[in-house]
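# Architecture at a glance
Spelled out, the chains give:
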Amino acid sequence: GDSVTQMEGPVTLSEEAFLTINCTYTATGYPSLFWYVQYPGEGLQLLLKATKADDKGSNKGFEATYRKETTSFHLEKGSVQVSDSAVYFCALSDGDRDDKIIFGKGTRLHILP
Amino acid sequence: DAGVIQSPRHEVTEMGQEVTLRCKPISGHNSLFWYRQTMMRGLELLIYFNNNVPIDDSGMPEDRFSAKMPNASFSTLKIQPSEPRDSAVYFCASSFESRLNQPQHFGDGTRLSIL
């Protein structure tokens, strides 16, 4: 079945460092891809999404490009802030199949001041 | 705009007791999802509804768990009897036309502790 694999955390970076969180997926159809972020004590919230190959999703300085040839959707940010400390989830959905979103296990990010 | 509303935010109870978690989805959303999050297992989908009808309950751990959606604006997840291993954060999420790959909107969760 469809699945999402993302790099294990925790990832610890200094403020203003460059961030990459790797995500690869397996899907039989043509899924949409998402990154969700979970801040402490809160639910997941959508960070960005891409619905087809070569689409780039972006929000709050974060970017991810839907790469069909490598089945990847890596999350990047050029200069992280302490407030970016959170857990990040890569996810996919294939509406042609069902209503579910398949989530990765999450990557915890710590940004040091 | 009101988001997904869950209650209670925290619940502490003794094992064997009945626990009821509540969720009010975003108005107009027609899909509702219940998740459980633990350190060991991460985020698990328990059950989801579409237009108030349960579609997939394969993630419900066992018969002690049940979920209902009597109308478009309310859902409950019940555990009876509760056990310490049920301790987790339970999230409700809703979406509109999820078949169009629309994102899910999550509530802030209910942190459940079974003593």
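Before going into details, it helps to say that this report is about the structure given with it. (Residues numbered from 1 in each chain as written. Chains lettered and ligands numbered in written order. Predicted model: local features only at pLDDT ≥ 70, side-chain atom pairs only at ≥ 80, totals over all residues. Heavy atoms only, no water.)

What follows is about the overall build of chain B. Along chain B, the regular secondary structure elements total 0 helices and 11 strands. The order of helices and strands in chain B, counted from the N terminus, is β-β-β-β-β-β-β-β-β-β-β. Taken over C-alpha atoms, the radius of gyration comes to 13 Å for chain B, in line with the 13 Å a tight globule of 115 residues would show. C-alpha atoms of chain B, sized along the principal axes, occupy 40 × 30 × 30 Å. Within chain B, the fraction of its 115 residues that count as buried is 48%. (Helix = DSSP H or I, 4+ residues; strand = E, 2+ residues; numbered from the N terminus. Rg over C-alpha atoms; globule rule 2.2 N^0.38 Å. Buried < 20%, exposed > 50% of the residue type's maximum accessible area, 1.4 Å probe, protein only.)

A few words on the overall build of chain A. Summing up its helical and strand segments, chain A has 0 helices and 12 strands in all. The C-alpha atoms of chain A give 14 Å as radius of gyration, which agrees with the globular expectation for 113 residues (13 Å, within 12%). With the principal axes as the frame, chain A shows a C-alpha extent of 45 × 30 × 20 Å. Within chain A, the proportion of its 113 residues that are buried is 49%. Residue pairs in contact within chain A that sit at least 24 positions apart in sequence constitute 57% of those at least 6 positions apart. Roughly 5300 Å² of accessible area belongs to chain A as shown, and the carbon and sulfur atoms make up 48% of that amount. Each charge class in chain A was averaged separately, 11 positive and 15 negative side chains, and the resulting centres sit 2 Å apart. (Contact = heavy atoms within 4.5 Å. Areas by Shrake-Rupley, 256 points an atom, 1.4 Å probe, with all protein chains shown as cover. Lys, Arg positive; Asp, Glu negative; His and termini not counted. Charge placed at Lys NZ, Arg CZ, Asp CG, Glu CD.)

This next bit is on the side chain of B:S94. Residue and element names in this part refer to chain B. On the secondary structure map, S94 appears in strand β9 (residues 88-95). Assessed through its relative accessible area of 0%, S94 is described here as buried. Polar contacts involving the side chain of S94 include one to the main-chain amide nitrogen of I26, which spans 3.4 Å. Once residues within four sequence positions are removed from consideration, S94 is found in contact with V4, P25, I26, H29, S31, L32, P103, Q104 and H105. (Polar contact = N/O pair within 3.5 Å; in protein donor to acceptor, adjacent residues only side chain to side chain.)

This next bit is on the sheet that holds strand β1 (residues 5-7) of chain B. All names here are of chain B. Taken in spatial order, the 4 strands of this open sheet run β1-β3-β8-β7, and their pairing is antiparallel. Among the strands making up the open sheet, the edge pair consists of β1 and β7 (65-71). Each adjacent strand pair in this sheet contributes to an overall mean axis angle of 15°, direction not counted. As defined by bridge partners, strand β3 (residues 19-24) adjoins strand β8 (residues 74-79) across 5 bridges and the pair is classed as antiparallel. (Pairing = 2+ DSSP bridges. Axes fitted to C-alpha atoms, helices over the stretch in contact; angles between N-to-C directions.)

The tendency in soluble globular proteins is for nonpolar side chains to be buried as a group. By size, the foremost hydrophobic cluster in this structure holds 26 residues, and its most contacted members are A:W35, A:L47, A:L48, A:F73, A:L75 and A:Y88. Mapped onto this core, the elements with two or more residues apiece are β2 (11-14), β3 (19-21), β4 (23-26), β5 (32-38), β6 (44-50), β8 (62-65), β10 (86-93) and β12 (107-112) of chain A. Broken down by element, the residue count for this core peaks at 4 residues, all from β10(A). Other than its neighbours up to four places away in sequence, A:F73 contacts A:C23, A:L33, A:F34, A:W35, A:L48, A:K49, A:A50, A:A64, A:T65, A:Y66 and A:C90. Of all hydrophobic cores here, the second largest spans 21 residues; its members include B:L46, B:M69, B:A88 and B:L112. (Core = buried A, V, L, I, M, F, W, Y, C linked by side-chain atoms within 4.5 Å.)

The subject of this paragraph is the state of the cysteines. All names here are of chain B. Within the structure shown, the criterion is met by 2 disulfides over all chains. Put simply, C23 and C92 are joined by a disulfide, and their sulfur atoms are 1.9 Å apart. Between C23 and C92 the disulfide shows an S-S torsion of about -70°. By sign, it is left-handed. Of this pair, C23 sits in strand β3 while C92 sits in strand β9; the two residues are 69 residues apart in sequence, bridging distant segments of the chain. The class for C92 is buried, based on a relative accessible area of 0%. (Disulfide = S-S within 2.5 Å.)

Quick look at the interface of chain B and chain A now. Across the contact, 20 residues belong to chain B and 21 residues belong to chain A. When the two sides are added together, the surface that chain B and chain A hide from each other amounts to roughly 1700 Å², 47% of it contributed by carbon and sulfur. Taken together, the links from chain B to chain A amount to 1 salt bridge. One salt bridge connects B:D56 with A:K100, and the closest N-O pair in it is separated by 2.8 Å. If you list the elements that add at least two residues to the side of chain B that touches chain A, you get β4 (31-38) and β5 (42-50) of chain B. In terms of residue class, the side of chain B that touches chain A is made up of 8 nonpolar, 8 polar and 4 charged. (Buried area = accessible area lost by both parts, 1.4 Å probe. Salt bridge = Lys/Arg side-chain N within 4 Å of Asp/Glu carboxyl O. Nonpolar A, V, L, I, M, F, W, Y, C, P; charged D, E, K, R; others polar.)

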